[in-house]
Amino acid sequence: MKYNKLCILGLGYIGLPYAAMFAARGVKVHGVDINPHVVETLKAGKIHIYEPGLQAMVESAVQSGNLTVSSSPEEADAFIIAVPTPFQHEKFGEYNGMRFKLADMRAVTSAAEAILPVLRKGNLVILESTSPPQTTGRLVAPILARSHLEAGKDFYLCYSPERVLPGQILRELVENARVIGGITPESARAGRDLYTAFVKGEIHETDATTAEMVKLMENTTRDVNIAIANEFARLAEKFGVDAWEAIRLANLHPRINILSPGPGVGGHCISVDPWFFVEAAPEHAQLIYHARQVNDAQPGFVVKKIKQTTGELKNKKIAALGLAYKPDVDDLRESPAIEVVRLLQQAGALVKCWEPFAPTAQLAGVEMASDFESAVKDADAILLLVKHTEFVTLDPTELAKKTNARVLIDCVNAWNLNDWQSAGFALYRLGDAKSPISNL
Ligand SMILES: NC(=O)c1ccc[n+]([C@@H]2O[C@H](COP(=O)([O-])OP(=O)(O)OC[C@H]3O[C@@H](n4cnc5c(N)ncnc54)[C@H](O)[C@@H]3O)[C@@H](O)[C@H]2O)c1
């Protein structure tokens, strides 16, 4: 099947790279976003997110005329829905004493509704947003049925999860293996035909609910594994052990691969998606639920350790380095680093933050420094929350000249104890009961 024109709804970290990628392969792409700022920025050939290599691709896609952008869908051969699927912040579910977060599917619902007027016989619709099990069949298909066309009979309908790593999206879109779940086998085949325009990784066809579950299983597995690493860090502190050393040694076992502890789990994927399982079937998601509890409690644990390390937090000046949810990206969504900052503020600390990938970010009640130097200059302590490369490679002697602080708190195992001690710093490392300062 040949796709000459594509309509992509949601032009964020996922939808925009797709739009640029298809446009670069000569496909006419119409991108849709409800955010006027996104539409205007893209129309000018600029981008509103940080992703290496994307700016140049979008610019040439817009200039070539292969990429157009607006706030409403146009007729096309295929539609990709890549809109957000966060959790709700106001409402919670309850089951047998479990209190859990609920998926907010409003963007998927309204994107599917927006397609209705332009949906035609023979079209292909692909949902890429990470979604609770059975969303394609039970939420999207009934909405699209209002067009009087039937999914799987009159048009093809698929779910295809996204696995790309922010910072590496353009490479991974091409190289990663893909799973395409069709509402019918013919739908999955139609989906495969679309992605073969540029995907070099293996493409596996399955049914839509399996594909939905695959994505949730991937992220839930990471969440549970990080939760156990975080518990190991707490246990190590209790038993006078350096968790990082213990994990390294345990990982010498050929069948063990323990992940790294940290200040918590964030982003709009790993900290969100496991809740979709819990909401859909709490009776079968006990472990998943408890792992979420552990990871959500980790910022609180970190703040407790900071207090033990630096003493009373009231009026303590703390420079917080990194607010993103992971290294070398600008994405602040659900970031545990921000939660740590807020908890420190609640305890009376005066926190100044520096996030090199989002220096102008505005977060209610959070003080952002204008540059690295002004963040650290007058600090009593420096708190490292994200393993951005530029923080890992900081020179201890140089930093010593820029700050009054002589206490460092490393939550991500970025810094070598000896190097920093030689430069006159005392360093506490999360999960390391042997780092000298934790014995104070
Ligand atoms: N970013 C990732 O690394 C990643 C990885 C795998 C899966 N996902 C999933 O992909 C989906 C999209 O994530 P993202 O990171 O691209 O989100 P994003 O927030 O970066 O972008 C989504 C865009 O959709 C727009 N939007 C919202 N409602 C819309 C609507 N009704 N019609 C058109 N546009 C609309 C928003 O304005 C926004 O620009 C989510 O379900 C996410 O969980 C993301």
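As a starting point, this report considers the structure included with it. A quick note: this is a predicted structure, and the numbers were derived from the prediction, not measured.

**A look at the overall build of the chain**
So, step 1. Within the chain, the regular secondary structure consists of 16 helices and 16 strands.
So, step 2. In terms of C-alpha radius of gyration, the chain reaches 24 Å, essentially the compact-globule figure of 22 Å for 440 residues.
So, step 3. Projecting the C-alpha coordinates of the chain onto the three principal axes gives extents of approximately 70 × 50 × 45 Å.
So, step 4. Put simply, the chain has 440 residues, and 54% of those count as buried.
So, step 5. Taking contacts inside the chain between residues at least 6 apart in sequence as the whole, the part at least 24 apart equals 71%.
So, step 6. A total accessible area of about 19000 Å² is found for the chain, and carbon and sulfur atoms account for 53% of it.
So, step 7. With 45 positive and 51 negative side-chain charges, the chain shows a separation of 2 Å between the mean positions of the two kinds.

**Describing the environment of P84**
So, step 1. Looking at the element boundaries, P84 is found in the loop between β4 (78-81) and β5 (87-95).
So, step 2. Counting along the chain gives 189 residues from P84 to D273, while the straight-line C-alpha distance between them is 12 Å.
So, step 3. With residues up to four places along the chain from it excluded, the contact list for P84 reads D104 and A107.

**Thoughts on the site of the ligand**
So, step 1. The ligand sits among 25 residues. The nearest are I14, D33, T85, T130 and R333.
So, step 2. At a separation of 2.9 Å, an oxygen atom of the ligand approaches a polar backbone atom of I14.
So, step 3. Between the ligand and T130, the relevant distance is 3.0 Å, taken from an oxygen atom to a main-chain nitrogen or oxygen of the residue.
So, step 4. Starting from 830 Å² of accessible surface for the ligand in isolation, the protein chains cover 91%.
So, step 5. For the shell around the ligand, the element with the highest residue contribution is helix α4 (residues 106-115), accounting for 3 residues.
So, step 6. Here the shell around the ligand is built from residues that sort into 13 nonpolar, 8 polar and 4 charged.

**A look at the pairing of β5**
So, step 1. One ladder, built from 5 bridges, connects β5 with strand β6 (residues 98-103); its direction is antiparallel. If you follow G93 over to β6, its bridge partner there is F100.
So, step 2. Here β5 folds back onto β6 in antiparallel fashion, the turn holding 2 residues, of which N96 has a positive phi close to 50°.

**So, helix α12 (residues 336-346)**
Because each turn of an α-helix spans 3.6 residues, side chains separated by three or four positions in sequence point in the same direction.
So, step 1. P336, A337, I338, V340, V341 and L344 are the residues of α12 that are buried.
So, step 2. Check the buried side of α12 and you find it contacts α11 (286-310), β11 (317-321), β12 (350-354) and β14 (381-384).
So, step 3. At the N-terminal end of α12, a side-chain oxygen is found 3.2 Å from the backbone nitrogen of A337, two or three residues along, and the residue is S335.
So, step 4. Count one or two residues on from α12 and you reach G348, which has phi positive near 100°.

**A word on the packing of aromatic side chains**
So, step 1. A full pass over the atoms with the stated rule returns 8 aromatic pairs.
So, step 2. When the ring of Y18 is compared with that of Y195, the centres are 6.2 Å apart and the planes differ by 65°; the resulting orientation is edge-to-face. With a gap of 177 residues between them, Y18 in helix α1 (residues 15-24) and Y195 in helix α7 (residues 185-195) connect regions that are remote in the sequence. The residues Y18 and Y195 share a single accessibility class, namely buried.

**Quick look at the pattern of salt bridges**
So, step 1. Within the structure shown, the criterion is met by 23 salt bridges.
So, step 2. Of the charged contacts in the structure, one is a salt bridge between R178 and E162, with a shortest N-O distance of 3.2 Å. Here R178 is found in strand β9 (residues 178-182), whereas its partner E162 is found in the loop between β8 (156-159) and α6 (169-175), with 16 residues between them in sequence.
So, step 3. On the basis of relative accessible area, R178 is assigned to the buried category, the value being 3%.
So, step 4. Residue D223 is joined to R292 by a salt bridge in which the shortest nitrogen-to-oxygen separation is 2.7 Å.

**Here's the deal with the nonpolar core**
So, step 1. Grouped together as the largest cluster of nonpolar side chains are 55 residues, with contacts concentrated most on L321, L344 and W415.
So, step 2. At 5 residues, the largest contribution of residues to this core is made by α12.
So, step 3. Setting aside its immediate chain neighbours within four residues, W415 contacts L321, I382, L384, F391, V392, L394, L408, D410, W420, L427 and R429.

**A word on the sheet that holds strand β13 (residues 367-368)**
So, step 1. Taken in spatial order, the 6 strands line up as β13-β12-β11-β14-β15-β16 in an open sheet, and their pairing is parallel. Every interior strand has two partners, whereas the edge strands, β13 and β16 (426-429), have only one.
So, step 2. Helix-sheet contacts for α11 involve β11, β14, β15 (407-410) and β16, and the interaxial angle to β15 is about 160°.

**A few points about the packing of α1 against helix α3 (residues 54-64)**
So, step 1. One can describe the packing of α1 onto α3 by two numbers: an axis separation of 9 Å at closest approach and a directional angle of 55°. Taken together, the axes of α1 and α3 lie oblique to each other. Crossing geometry of α1 relative to α3 is assigned as left-handed. Facing L16, P17, A20, M21, A23 and A24 of α1, the residues of α3 in contact are L54, M57, V58 and A61.
So, step 2. Tallied by class, the residues present in the contact of α1 with α3 amount to 10 nonpolar, no polar and no charged.

Conventions used here
Residues numbered from 1 in each chain as written. Predicted model: local features only at pLDDT ≥ 70, side-chain atom pairs only at ≥ 80, totals over all residues. Heavy atoms only, no water. Helix = DSSP H or I, 4+ residues; strand = E, 2+ residues; numbered from the N terminus. Rg over C-alpha atoms; globule rule 2.2 N^0.38 Å. Buried < 20%, exposed > 50% of the residue type's maximum accessible area, 1.4 Å probe, protein only. Contact = heavy atoms within 4.5 Å. Areas by Shrake-Rupley, 256 points an atom, 1.4 Å probe, with all protein chains shown as cover. Lys, Arg positive; Asp, Glu negative; His and termini not counted. Charge placed at Lys NZ, Arg CZ, Asp CG, Glu CD. Near = heavy atom within 4 Å. Polar contact = N/O pair within 3.5 Å; in protein donor to acceptor, adjacent residues only side chain to side chain. Nonpolar A, V, L, I, M, F, W, Y, C, P; charged D, E, K, R; others polar. Pairing = 2+ DSSP bridges. Phe/Tyr/Trp six-rings, centres within 6.5 Å; stacked < 30°, edge-to-face > 60°. Salt bridge = Lys/Arg side-chain N within 4 Å of Asp/Glu carboxyl O. Core = buried A, V, L, I, M, F, W, Y, C linked by side-chain atoms within 4.5 Å. Axes fitted to C-alpha atoms, helices over the stretch in contact; angles between N-to-C directions. Parallel < 35°, antiparallel > 145°, perpendicular 65-115°, else oblique. Left-handed = near helix turned anticlockwise from the far one by under 90°.

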